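Report on the structure
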Amino acid sequence: MKQNNIILNGIAASSGIAIGKVFILEEDDFLVVKKEIKSSQIKQELNRLKDAMAKTKTELEENQKELNKVLGENYAKIADAHLLILNDPLIKSEVEKIINTGINAEYALHTVVENLSKTFDLMDNDYFRERKHDLLDVAKKVMRNLFGKQRKTLMDLEENSVVIAKTLTPADTVTMKEAMIKGFVTEIGGKTSHTAFVAQSLEIPAVVGLKGIIHQVKQGMPIIVDGNLGLVILDPSKETIENYKREYEIQISNKKELEKFKDLPAVSLDGREVVLGANIENPEEVRSALRHGANAIGLYRSEFMYMSRKTMPTEEEHYQNYSSVAKKMMPYEVIIRTVDLGGDKIARLGLMDIGREANPFMGLRAIRFCLKYPEIFKIQLKGILRAAVHGKIKIMYPMISRISEIKEANKILEQAKEELRREGKKFKEDIEVGVMIEVPSAAIITDLIAKEVDFLSIGTNDLIQYTMAVDRVNSDVAHLYSPMHPAILRLLKNIIDSAHLAGTDVGMCGEMAGDPAYTIVLLGLGLDEFSMSAAQIPKVKKIIRSVSKSDAKDLVEQLLRCSSMQEIDITMKKFKYKQNLF
Ligand code: PEP
Ligand code: MG
């Protein structure tokens, strides 16, 4: 049989090679038809509804257990909200009423849900308006059971599956590891989208931003995912498979080779030692961070605790969560970034302003959200302050764009301390406070900011997005997202030099820090700490150990004189060639 060997170019989101079979994670699509039923069939129709609801209940309960096991209680609360809706006697009795008039169960359910949705839409309160999504989710599940149609879930995977989906929800991704997925490909997303971070933390090769792929593949079709180059090959020829198998073998042996670096320090040939940390999103990831030799958590994206749930995390939940990370990471430092909601990280917490903005990346995001809702912010700060007693925790504010924001945030931090004192709770009085440099205005005034804080961390994912006006999750402009643009290089130099002049350490926790292509440049610029997805640590360490800081500095001086990215690229290649770094 002739193979088509169709090569598609997407965005490399998580490195590695996967050779497997297509598994399409479909979206639900039902055609509900109104049918009149005889009065003799009404009882049977009511039973169908009852059975479908019972089946849905079992599914939701299983889902809840699974979420609890894999991601902890916070995520399991998604299923709680769904169960509450399913068990609402009013909805059930409304559907039954319509069936009793001689209408089929599917149409009866559809009618009730439509009417309820319209009522939700009319509500003034955004919190209730948002509940509509939960109602629709549950209705979809019941509908699926009425139709007897099962949406394949990631638990239905067969061995060697490569998941193809429009996008992946947190609930989808939690089952990934268990299901032994080989790779995944999504239509939506960019290199620094949060779907990409999940893939990296699970070490699953992934390509994102491949619009229309769902319509190009068939269930079970052979597929290769090249997460290094961002390629997907459909129906690969024998020769392509053989080539990729060889590549895969090399990848495995490289991984083994890299394991040797795990316990070695990240020190350059001329003795410059840097800290290599891991970026995490939940306490479970600490294990992987340590396994890959992380000497810090350079970024804990705390907003994941707020996502996929309907209520704010409590002070106690914050405290438990952060102290478990701090204890496991001892004697290393843990930087907890205060909540960065907004942008592509939307949580449905019943807050008016999140998720309804024309430009969410430039809207009420991160510290702006916290300063608008100081009471919510304080709850998190109190949890962090208390957890800091159990380890080496530092606080970091995201998306700072002016000095006054640091001062305002620190004021709320002092109020949090005061409240803890009054409540007689133990906490760390002199906790270190730093900020992320990820907005161009902050990058330009780093000299001023550095005087206000204990440390800085460069968030290149946003810094590049905002400096170059390139939406980080829009695949149509992904080619314009360039860490090696002369403007970015100059900005990085300004940040690092200004911080050092003020005697402040500077790290980087954006994706650039974990990309081996940029390691030498960052070393040469004088970066003190690199924080990245755990699996990248050995690769970056190997490079740091193979060059001298002074050579890297010379390279940076040459790069800063280049006027185009092409020139920068050639200069870097020459350097690597001379240093035998290929
Ligand atoms: C960044 O912007 O570089 C960063 C690390 O933060 P996030 O990706 O969570 O926005
Ligand atoms: Mg950011």
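Everything here concerns the structure above.
The structure presented is a predicted model; accordingly, all values stated were derived computationally and were not measured. (Residues numbered from 1 in each chain as written. Chains lettered and ligands numbered in written order. Predicted model: local features only at pLDDT ≥ 70, side-chain atom pairs only at ≥ 80, totals over all residues. Heavy atoms only, no water.)

**Some points on unusual backbone geometry**
- Residue Pro331 follows Met330 across a cis peptide bond; omega there is 10 degrees.
- Tracing the backbone shows Pro331 in the loop between helix 10 (315–329) and strand 11 (333–337).
- If you check the backbone angles, Ala366 has positive phi at about 55 degrees while not being a glycine.
- Among the secondary structure elements, Ala366 is positioned in the loop between strand 11 and helix 11 (367–372).
- In this structure Ala366 comes out as buried when scored by relative accessible area, which is 0%.
- Despite not being glycine, Met399 has its phi angle at roughly 55 degrees, a positive value.
- Along the polypeptide, Met399 turns up in the loop between strand 12 (392–397) and helix 13 (403–423). (Helix = DSSP H or I, 4+ residues; strand = E, 2+ residues; numbered from the N terminus. Buried < 20%, exposed > 50% of the residue type's maximum accessible area, 1.4 Å probe, protein only.)

**Observations concerning the side chain of Asn282**
- Tracing the chain through its elements places Asn282 in the loop between strand 9 (275–280) and helix 9 (285–291).
- On the accessibility criterion, Asn282 (12% relative accessible area) is buried.
- Of the polar contacts made by the side chain of Asn282, one reaches the backbone nitrogen of Glu284; its length is 3.0 Å. (Polar contact = N/O pair within 3.5 Å; in protein donor to acceptor, adjacent residues only side chain to side chain.)

**As for the site of ligand 1**
- Taken together, 17 residues lie near ligand 1, and Arg301, Arg337, Gly459, Asn461 and Arg472 sit nearest.
- Within the side chain of Arg365, one N or O atom sits 3.1 Å away from an oxygen atom of ligand 1.
- Taking 290 Å² as the accessible area of ligand 1 by itself, protein coverage stands at 100%.
- Elements that contribute at least two residues to the shell around ligand 1 include exactly helix 7 (194–202), strand 10 (296–301) and helix 16 (460–468).
- The element contributing the most residues to the shell around ligand 1 is helix 16, with three residues.
- Its residues assigned to classes, the shell around ligand 1 comprises four nonpolar, five polar and eight charged.
- Each of domain 3 (254–266 + 438–582) and domain 4 (275–435) gives at least three residues to the shell around ligand 1. (Near = heavy atom within 4 Å. Areas by Shrake-Rupley, 256 points an atom, 1.4 Å probe, with all protein chains shown as cover. Nonpolar A, V, L, I, M, F, W, Y, C, P; charged D, E, K, R; others polar. Domains from an automatic or database assignment.)

**Structural notes on the coordination of the magnesium ion (ligand 2)**
- Only Glu438 (OE) and Asp462 (OD) from the protein reach the magnesium ion (ligand 2) as donors, at distances of 2.0 to 2.1 Å. With Glu438 in the loop between strand 13 (432–437) and helix 14 (440–444) and Asp462 in helix 16, this residue pair connects regions lying 24 residues apart in the sequence. Note on accessibility: Glu438 and Asp462 belong to one class, buried. (Donors = N, O, S within 2.8 Å, 3.2 Å for Na, K, Ca; no water.)

**Notes on the nonpolar core**
- If you look at the biggest cluster of nonpolar residues, it comprises 98 residues, and the most contacted ones within it are Ile393, Tyr397, Ile449, Leu492 and Phe530.
- If you count residues domain by domain, this core takes at least three from each of domain 3 (254–266 + 438–582) and domain 4 (275–435).
- Apart from residues no more than four positions distant in its own chain, Tyr397 is found in contact with Thr338, Ile367, Phe377, Ile406, Ala409, Asn410, Leu413, Val433, Gly434, Val435 and Met436.
- Of all hydrophobic cores here, the second largest spans 24 residues; its members include Met53, Leu60, Ile91 and Ile99. (Core = buried A, V, L, I, M, F, W, Y, C linked by side-chain atoms within 4.5 Å. Contact = heavy atoms within 4.5 Å.)

Any link to function would need more than the numbers given here.
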